[in-house]
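Breakdown of the fold
Below, each chain spelled out in residue letters.
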Amino acid sequence: MARRTITLTDALYDYILDVSLREPDALRQLREETARHAMAECQISPEQGQFMALLVKLIGARRTLEVGVFAGYSAAWVALALPDDGQLIACDVNEEWTAIARRYWKEAGISDRIDLHLAPAVETLAKLVQTGQENSFDFAFIDADKANYDAYYEYCLKLVRPGGLIALDNTLAQGRVLTDSTSKYAQAVRALNEKLHADTRADISLVPIADGLTLARKR
Ligand code: CA
């Protein structure tokens, strides 16, 4: 009997996709289009997208946030899991990548659920707090520049309701969280992981899917 998470071989990983992935066509096309670009590693994996969609449905989320849109793949999974009147406020600064996102959101029929803010995410999140929207979101996904992860987390903790969920991506830093002692990326991830471990404001789990997805449920 396994007492720890098994190491995923390529064959086992392919098997997981074979027997569990239900990726909508528009999302598969989006993933295939972005896979050709140099920044493709910024995109979440398909089984992670499906997992987050399941979480969104499990908590009955209606209002959601995303920090770091890239080409819109994760936002599409979340938006598809929302009810018809659901809303996703998406934060990003890159017009080129989010133009791809908008194209596929339209194709997937979820454009009206996604409100894209092209501005630094801390500004958008601060504005949401200033306009009285604390405790009004059910779910937030943070997947952006690691130097600002702590700031994003603090804002999301204000904006998400008690019992709501914050998901933080890349918390194993592409597998380099232990070995990379120099990069700002890994340093920021380590500092955040240590902070989350001790944070009594949330219930947490670091899920070893993709390169680590930490779930924090606001108490
Ligand atoms: Ca990521």
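Summary of the structure given here. (Residues numbered from 1 in each chain as written. Predicted model: local features only at pLDDT ≥ 70, side-chain atom pairs only at ≥ 80, totals over all residues. Heavy atoms only, no water.)

Notes on the coordination of the calcium ion
For the calcium ion, the protein coordination sphere consists of Asp143 (OD), Asp143 (OD), Asp169 (OD), Asn170 (OD1) and Asn170 (ND2), at 2.2 to 3.1 Å. Considered as a linear motif, the donors of the calcium ion on their single chain read D-x25-D-N. Both residues of the pair, Asp169 and Asn170, count as buried. (Donors = N, O, S within 2.8 Å, 3.2 Å for Na, K, Ca; no water. Buried < 20%, exposed > 50% of the residue type's maximum accessible area, 1.4 Å probe, protein only.)

Quick look at the state of the cysteines
Enumeration according to the criterion identifies zero disulfides in this entry. Residue Cys91 stays outside any disulfide, its sulfur separated by 7.9 Å from that of Cys156, the closest cysteine. (Disulfide = S-S within 2.5 Å.)

Points about the sheet that holds strand 5 (residues 160-169)
The strands that make up a sheet pair up through hydrogen bonds in the backbone, lying either parallel or antiparallel. The seven strands lie next to each other as 3-2-1-4-5-7-6, forming an open sheet whose pairing is mixed. Only two strands of the sheet have a single partner each, and these edge strands are strand 3 (114-118) and strand 6 (202-207). Adjacent strand axes in the sheet meet at a mean angle of 15 degrees, parallel and antiparallel pairs treated alike. One ladder, built from five bridges, connects strand 1 (residues 63-67) with strand 2 (residues 87-92); its direction is parallel. Looking at the pairing, Glu66 lines up with Ala90 of strand 2. (Pairing = 2+ DSSP bridges. Helix = DSSP H or I, 4+ residues; strand = E, 2+ residues; numbered from the N terminus. Axes fitted to C-alpha atoms, helices over the stretch in contact; angles between N-to-C directions.)

Focus: the packing of helix 1 (residues 10-20) against helix 3 (residues 46-58)
Helix 3 packs onto helix 1 with a crossing angle of 45 degrees between their chain directions and a minimal axis gap of 10 Å. Of the possible angle classes, the one that applies to helix 1 and helix 3 is oblique. In the crossing of helix 1 with helix 3, the sense of the turn from one axis to the other is left-handed. Every residue of helix 3 that contacts helix 1 at Tyr13, Leu17 and Ser20 is listed here: Pro46, Glu47 and Gln50. Looking at the contact of helix 1 with helix 3, its residues break down into three nonpolar, two polar and one charged. (Parallel < 35°, antiparallel > 145°, perpendicular 65-115°, else oblique. Left-handed = near helix turned anticlockwise from the far one by under 90°. Contact = heavy atoms within 4.5 Å. Nonpolar A, V, L, I, M, F, W, Y, C, P; charged D, E, K, R; others polar.)

Quick word on the nonpolar core
Core analysis: the largest hydrophobic core is formed by 37 residues, its most contacted members being Trp105 and Phe139. Looking at this core element by element, the count peaks at seven residues for helix 4 (residues 73-81). Residues contacting Trp105, with those up to four places away along its chain left out, are Val69, Gly72, Ala75, Ala76, Ile110, Ser111, Ile114 and Leu116. The next biggest cluster of nonpolar side chains, apart from the first, holds 25 residues, and it includes Cys91, Phe137, Ala140 and Cys156. (Core = buried A, V, L, I, M, F, W, Y, C linked by side-chain atoms within 4.5 Å.)

Observations regarding the pattern of salt bridges
Summed over the entire model, instances satisfying the criterion amount to 14 salt bridges. The partner of Arg113 in a salt bridge is Asp84, with the nearest N and O atoms 3.1 Å apart. With Arg113 in the loop between helix 5 (95-107) and strand 3 and Asp84 in the loop between helix 4 and strand 2, the pair connects residues that are 29 residues apart, well separated along the chain. Exposure remark for Arg113: the relative accessible area of 11% places this residue in the buried category. A residue is classified by how much of its surface remains accessible, and Asp84, at 67% relative accessible area, is exposed. Close ionic contact of Glu154 with Arg201 constitutes a salt bridge, the shortest N to O distance being 2.7 Å. Of this pair, Glu154 sits in helix 7 (residues 149-159) while Arg201 is found in the loop between helix 8 (184-198) and strand 6, placing the two residues 47 residues apart along the sequence. Here the salt bridges do not stand alone but share partners, grouping Asp150, Glu154, Lys195, Asp199 and Arg201 into one network. (Salt bridge = Lys/Arg side-chain N within 4 Å of Asp/Glu carboxyl O.)

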